[in-house]
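Each chain, written out:
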Amino acid sequence: MKKRVLSILLALLAASGVLLAGCQKEEGNKAPEQLPVEEQEEALPSEQLEGEVLVWSMGSQPESCDPAQYTTAAEASVLNNVMEGLFRVSKGEAQPALAQEAGERTENQDGTVTYTYRLRAAQWSDGEAVKAGDFVYAWQRAAAQEENPYRYLFAMIATTEPEGDEEPKLLLEAQGDDVLQVTLQGDVPYFDQLLALPAFFPLREDVPADALSRGALFNGPFTVGEMTKGEELILEKNKNYRGAQDVALDYVVGKVLTGESGQWDGKKVELGVPTAENWSRASHVEFCSTQYLLLSKTPEIKALEDPKVRRALSLALDRTALADETVGSVTPALGLVPPCAGGTGGFLKVQANLEEAKALLEEAGVAVEETELQLLVPKGQETPKAVAEAVQVMWQELGVSVTIVEEGPEAYQNLLVSGTFPGAVLTGWYGDANDPAEFLNPFLSVSQGPFHGYGSIAYNKAVFEAFPKTGEERLEAMANAEKILLEDGYVIPLYHDTVAVAGGEKAQNWEVDNRGVYWFGQASLGE
């Protein structure tokens, strides 16, 4: 039993991005030959399109649509519509896509867990069949690329024993063309959700991996058409998609955001980020994320060693004001785990309680006038700076002196990862799946991520005991661990992000998930 629970621990840590895969970088990669980019002249290519055309405010210009290299929500959205994996997230739940149904689960004697997936009949855009071997190739390739930002996800998959100078391979097997078998280090209850990420999409070994490359192939409802740099990317209906008969749109035109250009106006742009004058008409989808403060555990800051001081700093914060006035259109955090990931909240106050906070400082015997903290934020980012300034004012009302320190990306990351920041740091976490473990695992002492060492012995024990549980019992156990972490006080949640989305009356049946990724496979345009 002990070995099985350890296997579960390792698998869940890997799924949360707190362990790294130990594979070598893939050799021989060359820069992909990009699709021809049209320069804007008198008219954009999209203005000549006929049929059902949905114009969407895409956001940033996609630079790489390689499933092992994408980094932005725009790139993820493109991949989500031109490619298809085993599962797709719809309305917050993982639904079978190329998989016929949920995987057949087998517990092995060594504590590993094997999942077997049977594939639906599907084709690439050139008419060739999508095969189980395409998944094997794509996943082995992704795990071998050190620069892959999602490489950590593949650390949950068990590996072969190394032979000689050969690096271990993922334990994947294509049993014929339509059966895929994968063995995990231990059970991951939300594995199906992770399989909906572009990182797990299949690839053909004989064609370029980047969807923006000349000669790329697709197995989703759309294919990549013309791209006009800085302006737009056209997606065209894929006639060889397995569900092409249900795809109503002929084209999706992704507009690049440049100032007011490309924003939703309900006229030229039917869906996406609203213009300032239309902001009140937008809806806000909760990101599966939490922004929070971390307090330093370095011995130089004696005041922060007292849990009463840490509790006082949290009580002094007005989370409602931060969410509504400082940031805008975000949700005050009542806990670390957001509601979309199964968080129940109730651990924190949304409004400040200065009276109780000052009483705690008095009990701790802290001379407020001698308490000075530095608050670290990433340099050049408007929202973190505004949040830091608001926190500075709130803590000064408590009598604590706060100096805001801005650092560039490398210095900021080094201070965060090493834990040597002086006082507090503003940071956050985005989950890859809607599960509490995605937000709690990074704080375990055995984590290799930037937040390791924040979990106490009691916290580690609570999370460890929650791993093998299932259903409501598991959620309750995770909530208990969250309570322990927040009562310790080094982690101070502030708010959960949202993404603003506006759609005209014509756009129907489109979806955007809580990572800001769009799906147009069932979208249509009304009258």
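Residues numbered from 1 in each chain as written. Predicted model: local features only at pLDDT ≥ 70, side-chain atom pairs only at ≥ 80, totals over all residues. Heavy atoms only, no water.

1. A closer look at the overall build of the protein chain
Within the protein chain, the regular secondary structure consists of 12 helices and 24 strands. Across the 527 residues in the protein chain, those meeting the buried criterion constitute 54%. Of the contacts made within the protein chain by residues no fewer than 6 positions apart, 72% connect residues no fewer than 24 positions apart. (Helix = DSSP H or I, 4+ residues; strand = E, 2+ residues; numbered from the N terminus. Buried < 20%, exposed > 50% of the residue type's maximum accessible area, 1.4 Å probe, protein only. Contact = heavy atoms within 4.5 Å.)

2. What about the sheet that holds strand β5 (residues 104-107)?
Strand order in this open sheet of four strands is β5-β6-β8-β7, and the pairing throughout is antiparallel. Looking at strand neighbours, the two that pair on one side only are β5 and β7 (172-174), the edges of this open sheet. Ignoring which end each strand starts from, the neighbouring axes of this sheet average 15° apart. Bridge count for β5 against strand β6 (residues 113-118) is four bridges, and the pairing is antiparallel. Across the sheet, the residue bridging to Glu107 is Val113, located in β6. Across the sheet, helix α3 (residues 132-144) touches β7 and β8 (179-184), and the angle it forms with β7 is around 155°. (Pairing = 2+ DSSP bridges. Axes fitted to C-alpha atoms, helices over the stretch in contact; angles between N-to-C directions.)

3. Observations concerning the packing of aromatic side chains
Summed over all chains, the structure comprises 15 aromatic pairs. Taken together, a centroid distance of 5.9 Å and an interplanar angle of 55° make the contact between Tyr292 and Phe443 tilted. Here Phe443 lies in the loop between α10 (437-440) and α11 (457-466) and Tyr292 lies in strand β14 (residues 289-295), a separation of 151 residues in the sequence. For Tyr292, a relative accessible area of 0% corresponds to the buried category. Accessibility expressed as a relative area gives 1% for Phe443, which makes it buried. Between the NZ or CZ atom of Arg310 and the centre of the ring of Tyr490, over which it lies, the distance is 3.8 Å. (Phe/Tyr/Trp six-rings, centres within 6.5 Å; stacked < 30°, edge-to-face > 60°. Lys NZ or Arg CZ within 6 Å of the ring centre and 35° of its normal.)

4. A closer look at the state of the cysteines
By the definition in use, this model includes zero disulfides. With no disulfide of its own, Cys288 has Cys340 as its nearest cysteine by sulfur position, at a separation of 3.0 Å. (Disulfide = S-S within 2.5 Å.)

5. Let's talk about the pattern of salt bridges
For the structure on display, the rule yields 17 salt bridges. Where Glu363 meets Lys308, a salt bridge forms, and the shortest distance between an N and an O atom there is 3.4 Å. Of this pair, Glu363 sits in helix α7 (residues 354-364) while Lys308 sits in helix α5 (residues 307-315), and the two are 55 residues apart along the sequence. The closest approach of N and O atoms between Glu465 and Lys461, which form a salt bridge, is 2.6 Å. Of this pair, Glu465 and Lys461 are both found in helix α11, four residues apart, which corresponds to roughly one turn of the helix. One network of salt bridges, in which partners are shared, links Asp126, Glu128, Arg204 and Asp206. (Salt bridge = Lys/Arg side-chain N within 4 Å of Asp/Glu carboxyl O.)

6. Let's talk about the confidence of the model for the protein chain
A residue-level look at the protein chain finds 88% of positions with pLDDT of 70 or above and a mean pLDDT of 87. For the protein chain, per-element mean pLDDT is lowest for helix α1 (residues 2-15), which scores 49, and highest for β8, which scores 98. Note that residues 1-10 has pLDDT below 50 and, in this model, 19 contacts with residues that lie over four places away or in other chains. The low-confidence segment residues 19-33 (pLDDT under 50) makes 36 contacts with residues lying over four places distant or belonging to another chain. (pLDDT = per-residue confidence, 0-100.)

7. Looking at the packing of α5 against α7
Each pair of packed helices can be summarised by the angle the axes make with each other and by the distance between the axes. One can describe the packing of α5 onto α7 by two numbers: an axis separation of 8 Å at closest approach and a directional angle of 165°. For the element pair α5 / α7, the angle class is roughly antiparallel. Between α5 and α7 lies a crossing whose hand is left-handed. Mapping the contact onto sequence places Lys308, Val309, Arg311, Ala312 and Leu315 in α5 and Glu356, Ala357, Leu360, Leu361, Glu363 and Ala364 in α7. In terms of residue class, the contact of α5 with α7 is made up of seven nonpolar, no polar and four charged. (Parallel < 35°, antiparallel > 145°, perpendicular 65-115°, else oblique. Left-handed = near helix turned anticlockwise from the far one by under 90°. Nonpolar A, V, L, I, M, F, W, Y, C, P; charged D, E, K, R; others polar.)

8. What to know about α5
What α5 keeps buried is the set Val309, Arg310, Ala312, Leu313, Ser314 and Leu315. Where α5 begins, one side-chain oxygen reaches toward the backbone nitrogen of Lys308, 2.8 Å away; that side chain belongs to Asp306. (Polar contact = N/O pair within 3.5 Å; in protein donor to acceptor, adjacent residues only side chain to side chain.)

9. Some remarks on the pairing of strand β3 (residues 87-90)
Two strands pair when backbone bridges link them, and β3 and strand β4 (residues 93-96) are joined in this way by four bridges, in the antiparallel orientation. Paired with Ser90 across the two strands is Glu93, which belongs to β4. Between β3 and β4, which pair antiparallel and follow one another directly, the connecting turn spans two residues, one of which, Lys91, has a positive phi of 55°.

10. Considerations on the pairing of strand β9 (residues 222-228)
Moving residue by residue along a regular strand, the side chains alternate between the two faces of the sheet. Among the seven residues of β9, six are classified as buried, and the element is accordingly described as predominantly covered. Looking at chain direction, β9 and strand β10 (residues 232-237) are connected through five bridges and run antiparallel. Directly across from Val224, in β10, lies its bridge partner Leu235. If you look at the hairpin formed by β9 and β10, you'll find three residues sitting between the two strands, and Gly230 has a positive phi there, around 75°.

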